[in-house]
Structure formats: C-alpha cells, structure tokens
Amino acid sequence: MDPTALATFAAVARRGSVSAAALELHTVQSNVTTRLKQLEADLGVSLFLRHSRGMSLTDAGTRLLGYAQRLAALSDEALSAVRDDGLVRGSLRIGSMETTAAVRLPAVLGRFHRAHPDVQLEVRTGPTAELLEHVLAHRLDTALVAGPVDHPDLLTEPVFHEELVLVSASDAGEPEAQLRDGGLTVIVFRQGCSYRQRLEAHFAASGWLPFRRLEFGTLEGVLGCVGAGVGVSVLPRSAVETYRGRDDLRVSTLAPKPMWVETLLVRRRDAHAGAPLRAFGDVIRQDDASALSRPRSKTRRRAPGTSSPSRRPATRRA
C-alpha cells in the first residue's frame, strides 16, 4: 500500500471530509479524492460512507485506520532513529496533565529550551486516560500522567509526588458538612482525569453522596469557581499554593490521612528514545531546581476556616 495514500486516508478519517483533509495536507481536493479512490480500488472495499454531514468510516475503514496510524508512526520513528546522531535537535511531543503543565512543567521546559534550543517542542494537555491513549497511538513521545499506570507497552518513571487536598472558598462554610448533606457542587476536570477518579472514590468512601458535578477543562477555571464559592475540588497542593488568587481559598488535608499521588513520566516501551527524549528525561530529573519533590513526613490537618501557608516543596536527589 502506498504510504501517501494511507496518510491521505488517515487525514480524511480525522477531519471527516475531503476538503478539511486537503487543507491539512496542503493539497487540492481532487488529489485527496483520487488517492482515496485508488486505495479503495486496491483494497477492494469501501473505506468511507458518504453523507450530507461529511464522511464516516465503514467497518473496513475502521480496521484499516489503526494499521495506517501504526505504519505512519513506525515510519516517523524509523526516520528519527536513522537520523539520531546524538545531537539534541528535531522535535519532541510532550503530554501533560493540566495541573502539572501549570505548576511543574514551565520550569522544566525553560531549562530544557535553554540547554537545547534546536528542539521544536509541542505540548498537549489533557486528562491521564487521554494522554496515555496518545502515547500508545504514537501521537505523543512522552507524557506526564498520574500514577499508578500498569500497561505492558509503557515504561514509567516517577518524577513528582503531589499531595491532594480539599479546596474550598475561604469564606464558605465547612466543606465536609456541606458534602455530607449533599448540598455542594464538586468542580472537576473532564472524564479521564485521575484526580477526579480519586476525588469521587474518596467522597464515596466518606459517605459524601450525592453531589453535583461541574466540569472544567482548565486549572484556572476550577480554582476560579472554587474561590467564587461555586463548589469544592480536590487538587494538588502545589497547584493551589502557586495560584494568584489563593487568598480566596481554604485548603484542608484529606482525612483520615493525607493522600499522595505520583506523577509519572511515561513513554512507549518499543519506541526509539531519541536524543531529545533522552535529554528531556535528564532535565526533569535534575534536583537543583526542585524537579522532584518528596512527600512531607508529617502533615497536620487544618482546622476548618484556615488556609495553609505557602511552602516550598522539599527536594530529593534522583
């Protein structure tokens, strides 16, 4: 099968129409149509259903798409491996949870860019489940996700330790009491967020059900609504302490004991680890800029109505 035809097929599958795929591929619609027809003729099957809203995959097209994506990823990886002369250059696609991207990643990317300015960085944020899917599908070279992760095709490395805390408005009533009464809104990231899963599991175990959910896609949106008294959330303490409106927030340690979560650096086990990826791993492991933080040995529960002071995370050597 022609690699160009497969790439054209995958673009139409992503975009849902010939015109949108042509724009992505920087070509004309007639070229896209010709390649699709030739591919369908070579395979002897129809790959798309044509309708007024665009195009959708047939069952055969759905089966082919996975192979087309894997072949394209393998081709890109082979090219990267052949060109890998040890120099840190080229591109690096990084995925990150929203909270990690806001709090931890800027300093890491700053150090990386200063050390390796010839690398073109691409950062995509999303919930853990979505990021893992992108890494497995070769759409990301690596990602920062919430642990634990147990997948035979992935290599994982702990890089950050985060304490999850209950966050509410500083002038609101005790959040635990409102949760017990079922009269409070819980502000969460969209489905697939590991922190959301832990929040809901913790609240269920505490008997704080039912409660309303309000979904946001950004950390600023979650914290802004919490500070305005819309509801409560469970977030890493580091994300709250660096928030510019933290004076409007009350931070409570989760009872009966603090909840710690590891942030993992993940990548495909069978993928070539090129020089940019190896260099990124080296930078994120540096201990001289608090790249790794260790859980505090003692954490006291805050009394209702009090806020935790800002504290610098402790560090440990990689």
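These figures come from a predicted structure and were not determined experimentally.

**What about the packing of aromatic side chains?**
And step 1. Under the definition given, this model contains two aromatic pairs.
And step 2. With centroids separated by 5.9 Å and ring planes inclined at 70 degrees, the aromatic side chains of Phe 112 and Phe 280 adopt a geometry described as edge-to-face. Taken together, the positions of Phe 112 in helix H6 (residues 105–115) and Phe 280 in helix H12 (residues 275–284) put the pair 168 residues apart, joining distant regions of the chain.
And step 3. Phe 112 sits in the buried class, given a relative accessible area of 0%.
And step 4. In this structure, Arg 104 packs its charged tip against the face of Phe 160, placed 5.2 Å from the ring centre.

**Regarding the environment of Leu 25**
And step 1. Mapped onto the elements, Leu 25 comes out in helix H2 (residues 18–25).
And step 2. Here Leu 25 falls in the partly exposed class, since its relative accessible area comes to 32%.
And step 3. Each C-alpha atom of the pair Leu 25 and Val 12 lies 9.8 Å from the other, and the pair is 13 residues apart in sequence.
And step 4. Once you skip the residues sitting within four places of it in the chain, Leu 25 turns out to touch Thr 8, Ala 11 and Val 32.

**Concerning the pairing of strand S3 (residues 90–96)**
And step 1. As judged from the seven bridges shared by S3 and strand S4 (residues 119–125), these two strands associate in the parallel manner. Among the inter-strand pairings, Gly 95 is bridged to a residue of S4, identified as Arg 124.

**Some remarks on the packing of helix H1 (residues 3–15) against H2**
And step 1. Two elements in contact, H1 and H2, have axes separated by 8 Å at closest approach and are oriented at 120 degrees. Between H1 and H2, the angle falls in the class oblique. Between H1 and H2 lies a crossing whose hand is right-handed. Of the residues in H2, those touching H1 at Thr 8, Ala 11, Val 12, Arg 14 and Arg 15 are Ala 20, Ala 21, Glu 24 and Leu 25.
And step 2. Of the residues belonging to the contact of H1 with H2, the class tally is five nonpolar, one polar and three charged.

**Focus: helix H7 (residues 128–136)**
And step 1. Regarding H7, the residues found buried are Thr 128, Leu 131, Leu 132, His 134 and Val 135. Looking down the long axis of H7, one finds its buried residues gathered within 160 degrees of arc, a one-sided arrangement.
And step 2. Where H7 is buried, its residues touch S3, S4, strand S5 (142–146), strand S6 (154–169), helix H9 (194–206) and strand S11 (259–268).
And step 3. Positive phi appears at His 138, one or two residues downstream of H7, with a value of about 70 degrees.

**Focus on H2**
Since the α-helix advances by 3.6 residues per turn, residues separated by three or four positions end up pointing in the same direction.
And step 1. Within H2 the residues assigned to the buried category are Val 18, Ala 21 and Ala 22. Projection of H2 onto a plane perpendicular to its axis shows the buried side chains occupying an angular sector of 105 degrees, all on one side.
And step 2. Buried positions along H2 lie against H1, helix H3 (29–43) and strand S2 (54–57).
And step 3. A positive backbone phi angle near 55 degrees is found at His 26, which sits one or two residues after H2.

**Thoughts on the pattern of salt bridges**
And step 1. Throughout the structure, instances matching the rule amount to 16 salt bridges.
And step 2. Ionic pairing is found between Glu 162 and Arg 104, a salt bridge with its closest N-O pair at 2.8 Å. Taken together, the positions of Glu 162 in strand S6 and Arg 104 in the loop between helix H5 (98–103) and H6 put the pair 58 residues apart, joining distant regions of the chain. Each member of the pair, Glu 162 together with Arg 104, is buried.

**Topic: unusual backbone geometry**
And step 1. Residue Pro 148 is reached from Gly 147 by a cis peptide bond, and omega for that bond is 0 degrees.
And step 2. Within the secondary structure, Pro 148 is located in the loop between S5 and S6.
And step 3. In this structure, His 26 is a non-glycine residue whose phi angle is positive, near 55 degrees.
And step 4. Locating His 26 in the fold gives a position in the loop between H2 and H3.
And step 5. In this model, His 138 sits at a positive phi of 70 degrees, which is unusual for a non-glycine residue.
And step 6. Along the chain, the position of His 138 falls in the loop between H7 and S5.

**Observations regarding the packing of H2 against H3**
And step 1. Packing of H2 against H3 brings their axes to within 8 Å, and their N-to-C directions diverge by 110 degrees. By the angle between their directions, the pair H2 and H3 is classed as roughly perpendicular. Contacts between H2 and H3 pair Val 18, Ser 19, Ala 22 and Leu 25 from the former with Gln 29, Val 32, Thr 33 and Leu 36 from the latter.
And step 2. Among the residues forming the contact of H2 with H3, the class breakdown is five nonpolar, three polar and no charged.

**Quick look at the side chain of Thr 99**
And step 1. Considering the arrangement of structural elements, one finds Thr 99 in helix H5.
And step 2. Classification of Thr 99 by relative accessible area gives buried; the value is 5%.
And step 3. Dropping the residues within four chain positions of it, Thr 99 is found in contact with Arg 104, Phe 189, Tyr 195, Leu 219, Leu 235 and Pro 236.

Scoring rules and cut-offs
Residues numbered from 1 in each chain as written. Predicted model: local features only at pLDDT ≥ 70, side-chain atom pairs only at ≥ 80, totals over all residues. Heavy atoms only, no water. Phe/Tyr/Trp six-rings, centres within 6.5 Å; stacked < 30°, edge-to-face > 60°. Helix = DSSP H or I, 4+ residues; strand = E, 2+ residues; numbered from the N terminus. Buried < 20%, exposed > 50% of the residue type's maximum accessible area, 1.4 Å probe, protein only. Lys NZ or Arg CZ within 6 Å of the ring centre and 35° of its normal. Contact = heavy atoms within 4.5 Å. Pairing = 2+ DSSP bridges. Axes fitted to C-alpha atoms, helices over the stretch in contact; angles between N-to-C directions. Parallel < 35°, antiparallel > 145°, perpendicular 65-115°, else oblique. Left-handed = near helix turned anticlockwise from the far one by under 90°. Nonpolar A, V, L, I, M, F, W, Y, C, P; charged D, E, K, R; others polar. Arc of directions from axis to C-beta. Salt bridge = Lys/Arg side-chain N within 4 Å of Asp/Glu carboxyl O.

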